[in-house]
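Structure at a glance
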Amino acid sequence: MKLQKATELALYSVLEFAAHPTTQVSAAEIAEKYGVSPHHLAKVLRELGRAGLVESTRGVGGGYRFAGNAKRLTLFDVIELFETLGPDADGHEAATPGERALASVTSEIDEIAKATFRSITVDTMLKLLAREGRPADRELAVREA
Amino acid sequence: MTATDATPAPEVGIRPVEPADLDDIIALDTAITGIGKPDYWYELLHRYGTRGRQQRFFLVAVAEGVVVGYVIGEVRDWEFGQPPCGWVFGVGVQPETRLRGVGTRLLDAICAGFRRAGVTKVRTLTSRENNPILSFFRSQGMMAAPFIPLELELG
């Protein structure tokens, strides 16, 4: 399963917001940190907002804040907002025996990937970040200071 | 804070299983899985519940005299060609007691037992459809092991 750029950006954004649940994080900070255009990020954040995962506040000191439940929200919940998942997600149905055989193998991989994304909550990812030295947290903490 | 969070959590103790716990465990497992299997549990009690075993562990979490969770595992030597490590092959927590750290305490306790037995790694295997258990183990820091489980319909 190859994730689209927008999906990866959504995951990074959710983690940034969830790591600072009481802080308004500006979209500009995230856009700069991940080297994406504010316009592209805005589209992603709108989708996250529609799903109720982030809340935005306008004006000075405004920004985005995590609005989900970190212990319940999984990576898969975010991914499925941006990706079409399923055996024929690319719109091509396996017709020949060779295609069907290959599809059965790639579908094994997809099912494992989906189970993995479903099993990892945002809270678990934040613990993983902490174990990795949490560079994202440190960077934002410096900017907040 | 949710209503569940506001409910005072009863005191929970972790200890080795005792024969008198078995009815509670069977009822707990039946409530979770929907399948009653008393013979299986009596066999597990016989194999894992005897005190004094160095490599086998069957622990229960008890609140107000009732078993609210269990964990079972053992140290296996050279299983699947791997150096000795701890294997957890059963864990369950009463649904209404979940998200209060009972599963974490059970896993911590069995891991302490594994460490005393001299191993430094713990593994488990669970259905990829069993998301609550999979999420629990992930939340404890467990990552994918270097194995791929395989099966064959014998028909």
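Shown above is the structure to which this text applies.
What comes next is a walk through the structure. (Residues numbered from 1 in each chain as written. Chains lettered and ligands numbered in written order. Predicted model: local features only at pLDDT ≥ 70, side-chain atom pairs only at ≥ 80, totals over all residues. Heavy atoms only, no water.)

**Topic: the pairing of strand β4 (residues 85-93) of chain B**
All names here are of chain B. Note the threshold: For each residue, the accessible area found with a 1.4 Å probe, counting protein chains only, is set against the maximum for its type, and the residue is called buried under 20%, exposed over 50%, and partly exposed in between. A run of DSSP states H or I qualifies as a helix once it reaches four residues; a run of E qualifies as a strand once it reaches two. Both are numbered from the N-terminal end. Following DSSP output, two strands are said to pair if at least two bridges run between them.
Burial within β4 is extensive, with 8 of its 9 residues counted as buried. Taken together, the 8 bridges between strand β3 (residues 66-76) and β4 define a ladder with antiparallel strand orientation. Bridged to V75 within β4 is G86. As defined by bridge partners, β4 adjoins strand β5 (residues 122-124) across 3 bridges and the pair is classed as parallel. Bridging across to β5, G86 finds its partner in V122.

**Let's talk about the packing of aromatic side chains**
The line we're drawing: Aromatic pairing here means that ring centres of Phe, Tyr or Trp (its six-membered ring) are within 6.5 Å. Orientation follows from the plane angle: under 30 degrees is stacked, over 60 is edge-to-face, and everything else is tilted. For a Lys NZ or an Arg CZ to count as sitting over a ring, it must be within 6 Å of the ring centre and within 35 degrees of the ring normal.
Evaluated as defined, the whole model comprises 11 aromatic pairs over all chains. A network of ring pairs unites the aromatic residues Y40, W41, F58 and Y70 of chain B as a single cluster. Above the face of the F76 of chain A ring, R118 of chain A is positioned so that its terminal group lies 4.4 Å from the ring centre. Sitting over the ring of Y48 of chain B, R56 of chain B keeps its end group 5.0 Å from the ring centre.

**Examining the packing of helix α2 (residues 22-33) of chain B against helix α3 (residues 38-48) of chain B**
All names here are of chain B. Rule in force here: Structural elements are reduced to axes, namely lines fitted to C-alpha atoms, with helices fitted over the stretch in contact, and the angle between N-to-C directions of any two is expressed from 0 to 180 degrees. Here the word oblique covers every angle except those under 35 degrees (roughly parallel), over 145 (roughly antiparallel) and from 65 to 115 (roughly perpendicular). Note on convention: the crossing is left-handed when the near helix lies turned anticlockwise from the far helix by less than a right angle, right-handed when the turn is clockwise. Should any heavy atoms of two residues lie within 4.5 Å, those residues are counted as being in contact. Throughout, the ten residues Ala, Val, Leu, Ile, Met, Phe, Trp, Tyr, Cys and Pro are labelled nonpolar, Asp, Glu, Lys and Arg are labelled charged, and all others, Gly among them, are labelled polar.
Taken N-terminus to C-terminus, the directions of α2 and α3 make an angle of 130°; their axes are 10 Å apart at the nearest point. Classified by the angle between their axes, α2 and α3 sit oblique to one another. As α2 packs across α3, the resulting crossing turns out to be right-handed. Of the residues in α3, those in contact with L22, D23, I25, I26 and D29 of α2 are P38, W41, Y42 and L45. When its residues are assigned to classes, the contact of α2 with α3 shows 7 nonpolar, no polar and 2 charged.

**Brief notes about the interface of chain A and chain B**
This is how it is decided: Once two parts are put together, the accessible area they lose, assessed with a 1.4 Å probe and summed over both, is termed the buried area. Polar contacts, as counted here, are pairs of nitrogen or oxygen atoms within 3.5 Å of one another; within protein the pair requires one atom able to donate a hydrogen and one able to accept it, and residues that are adjacent in sequence qualify only if both atoms are side-chain atoms.
Each partner contributes to the interface: chain A provides 12 residues, whereas chain B provides 9 residues. Interface of chain A and chain B: buried area, both sides summed, is about 940 Å²; carbon and sulfur atoms make up 56% of it. Interface area lost by chain A to chain B is led by A115, S119 and T124 of chain A, which between them contribute 37%. The interface formed by chain A and chain B includes 5 residue pairs in polar contact (both at pLDDT 80 or more). Broken down by secondary-structure element, the contributors of at least two residues to the side of chain A that touches chain B are α5 (97-119) and α6 (122-131) of chain A. Counting residues per element, the side of chain A that touches chain B draws most heavily on α5 of chain A, at 6 residues. Residues of the side of chain A that touches chain B, tallied by class, amount to 4 nonpolar, 3 polar and 5 charged.

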